[in-house]
Amino acid sequence: MKIAKVGVLVEREAAERRWTYGLNVFEKYIEEIFAHAGVPYAVVDRLDAAALETFDIVIAACVAENGRTAERLWSYAEQGGTVIAYGGVNSMAASLGYIQTGEAGVGYAELAPTREGQPAALRYLSAVPWVPAGDSDPATVSAAYAASGVLRQRRPDGAELGPALQAFTIGQGSLQRWAVNIPLSIVLMQQGTGPVLDDGVPAADGSANVNEDILKADDRIALDWQIDRVETETGIPFFPWPYADYWREALIRHVMACALAKGLTLPFTGYWPEGVKHVAMVSHDSDGNEDAHALTALKLLEECGLRTTWCMLEPGYSADVYVQAKQAGHELAFHYNALEKDGGAWSEAAFARQLGWLKRTIGTDRVATNKNHYTRVEGWGELFRWLEVSGIPSDQTRGPSKKGNVGFLFGTCHPYFPIALFDEQNRLYDVVEIGFLTQDLDLGHLADRTVIRPFLEQVREVDGVAHFLFHQVHIHTREEVRDVFRVLVAEARGMGFTFWLSQEIQDWTRARRSVRITACEEDGTVRVEAAEAVEGLVVWVPITGTEAYAPEQGHEVKFGFPCRKVVVSSKVEISGRKG
């Protein structure tokens, strides 16, 4: 089974031109999308015919919009290549009898679902539809034309803007053009619509007063208070859909379909190791810093048989508490305080000083993760740069601060690497972000236990991380919080979730991404390159040819296609690789 060769074309000259004028190339995020899925690909930085012809599929992520681009991509397609674009390659429209309508802004796309839990329409943040020029008939300008999905303007029931995906036959190949800029939409959902410079827009119903003169991660969410929330049976409003994760699914599914249409396969790695079905995580923030709070939490966690991540706020607990927490297997982490009313400050110096306090206090040179107190955030990438400099490999800050914005307010429950702005050439920060869904259930002024089931179901649906936050102070002072904690743990375990620490999640995320799939042999062997074996790594191979789908042999449907399962310890050959 031959693996499709996929090239991600980020034309260096075109990207640099955009950076010069202060424009972002968030389309580069396609590299992170592929890396997270474990799909083999290569980056191409020149629009060169000789370079393109080595690939079966070329993703035109960032190219100049001119005649030279149109001519070279057209020639590549004519010779059998598949070109995929996301709201771009508008210079090719005229040759196909189409014109672009311009930026259509926010809307919703009706797509064939990849999973049962997918909503009827996915929110997007940018689209550039194509429509026939004049009275042109697609059949007259292309040997074959196909369209799928429907774009709606602004609302799921809004005016129809055209198809979400258009496929044009060009010679022996094709252009597959999404009207939606999928990478951009994912970035803006995960990281916000822009730098946090001032308060966000609150929910009109008063359930999420983010305009309280405190700058936070949730001041720039890209979702809609009315359209994108639902309520539980007790009237708790929440964001129920990880839109960004479903867009990832749609993108990968489509690339896979293009590979299979060529008689090729496109293997990928499983999100979690063999034997781990779903992953959950519990973290705590030490607000209040009283030893009694910590001791009550330790007792409850021992009762539940659970290890958790403790984010420590200065001045922290007594030394003996840390000893007990470590002995119980808990993870000690950082809770950076930039909240002025609690004596904090937003600055790299304050971050470094507080981190130095934590390291001295708990006796370590390495801290594995951080969560900002009150989810305080300013700007765009400052926090991630501070984390890189300090050697903290993961963060948990992106989560809700109000009763009315719990859930998937950042569109995802997957660990991911965030992207920088144009001033850093849209590089990926070397920090794994692991956002949380909600905090301190059943307190009255926050969400209640009715959100537990829908959150777990959606995380299970998209194979992400179900991250819940509980403060030790509330565990100590409120029996109802201790009770709902027990309910959460039992419910999650009953649904097949395994609880991991933050460090375990980020370590695994980095380990599985270090593996590169290189070949699928006729005998079923999968070959990969890695610096070292990744224990329990699962590789999924879409079934091609005459191979029958056989669930009894471990076959499963992934990204909408039947796939064969290969586990590292049994049928994967590891080849050495440096770096």
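Residues numbered from 1 in each chain as written. Predicted model: local features only at pLDDT ≥ 70, side-chain atom pairs only at ≥ 80, totals over all residues. Heavy atoms only, no water.

Participant: Would you mind going over the side chain of Ser207 with me for this structure?
Facilitator: For Ser207, the location among the structural elements is in the loop between α6 (182-191) and β14 (230-231). Among the polar contacts listed, one links the side chain of Ser207 to the side chain of Arg229, at a separation of 2.8 Å. Setting aside its immediate chain neighbours within four residues, Ser207 contacts Arg229, Pro237, Lys402, Lys403 and Gly404. (Helix = DSSP H or I, 4+ residues; strand = E, 2+ residues; numbered from the N terminus. Polar contact = N/O pair within 3.5 Å; in protein donor to acceptor, adjacent residues only side chain to side chain. Contact = heavy atoms within 4.5 Å.)

Participant: Hey, could you run me through the sheet that holds strand β6 (residues 107-110) in this one?
Facilitator: In a beta sheet, neighbouring strands are held together by backbone hydrogen bonds and run either parallel or antiparallel to one another. Spatially, 4 strands are ordered β7-β6-β10-β11 in an open sheet, and the strand pairing comes out antiparallel. Looking at which strands have only one partner, the edges of the open sheet turn out to be β7 (122-124) and β11 (160-162). Going from strand to strand, the sheet's axes swing by 35° on average, the running direction of each strand aside. Where β6 and strand β10 (residues 150-153) come together, 4 bridges link them in antiparallel fashion. Across the sheet, Glu110 pairs through a bridge with Val150, a residue of β10. Helix-sheet contacts for helix α7 (residues 243-261) involve β6 and β7, and the interaxial angle to β7 is about 95°. (Pairing = 2+ DSSP bridges. Axes fitted to C-alpha atoms, helices over the stretch in contact; angles between N-to-C directions.)

Participant: Sorry if this is basic, but what is going on with the environment of Arg376 here?
Facilitator: Take Arg376: it is sitting in the loop between β20 (369-370) and α11 (382-390). For Arg376 and Leu188, which are 188 residues apart along the polypeptide, the C-alpha to C-alpha distance reads 18 Å. Ignoring any residue separated from it by four or fewer positions in sequence, one finds Arg376 in contact with Ile214, Leu215, Lys216, Ala338, Leu339, Glu340, Trp346 and Thr397.

Participant: Sorry, what's going on with the packing of aromatic side chains here?
Facilitator: Counted under the stated rule, the structure contains 25 aromatic pairs. Aromatic pair Phe408 and Phe455: ring centres 6.0 Å apart, planes at 75°, arrangement edge-to-face. Within this pair, whereas Phe408 is found in the loop between β22 (406-407) and β23 (432-433), its partner Phe455 is found in helix α12 (residues 452-462), the two being separated by 47 residues in sequence. In this structure, Phe408 and Phe455 share a single accessibility class: buried. Here the aromatic rings of Phe470 and Phe485 are separated by 5.1 Å at their centres, their planes lie at 80°, and the arrangement is edge-to-face. Residue Phe470 is located in the loop between β25 (465-469) and α13 (472-477), and its partner Phe485 is located in helix α14 (residues 479-494); the two are separated by 15 residues in the primary sequence. Take Phe470: its relative accessible area is 1%, and that puts it in the buried class. One aromatic cluster is present, formed by Phe334, Tyr336, Trp346, Phe351 and Trp386 through successive ring pairs. The residue whose ring lies beneath Lys341 is Tyr374, and the NZ or CZ to ring-centre distance is 5.9 Å. (Phe/Tyr/Trp six-rings, centres within 6.5 Å; stacked < 30°, edge-to-face > 60°. Buried < 20%, exposed > 50% of the residue type's maximum accessible area, 1.4 Å probe, protein only. Lys NZ or Arg CZ within 6 Å of the ring centre and 35° of its normal.)

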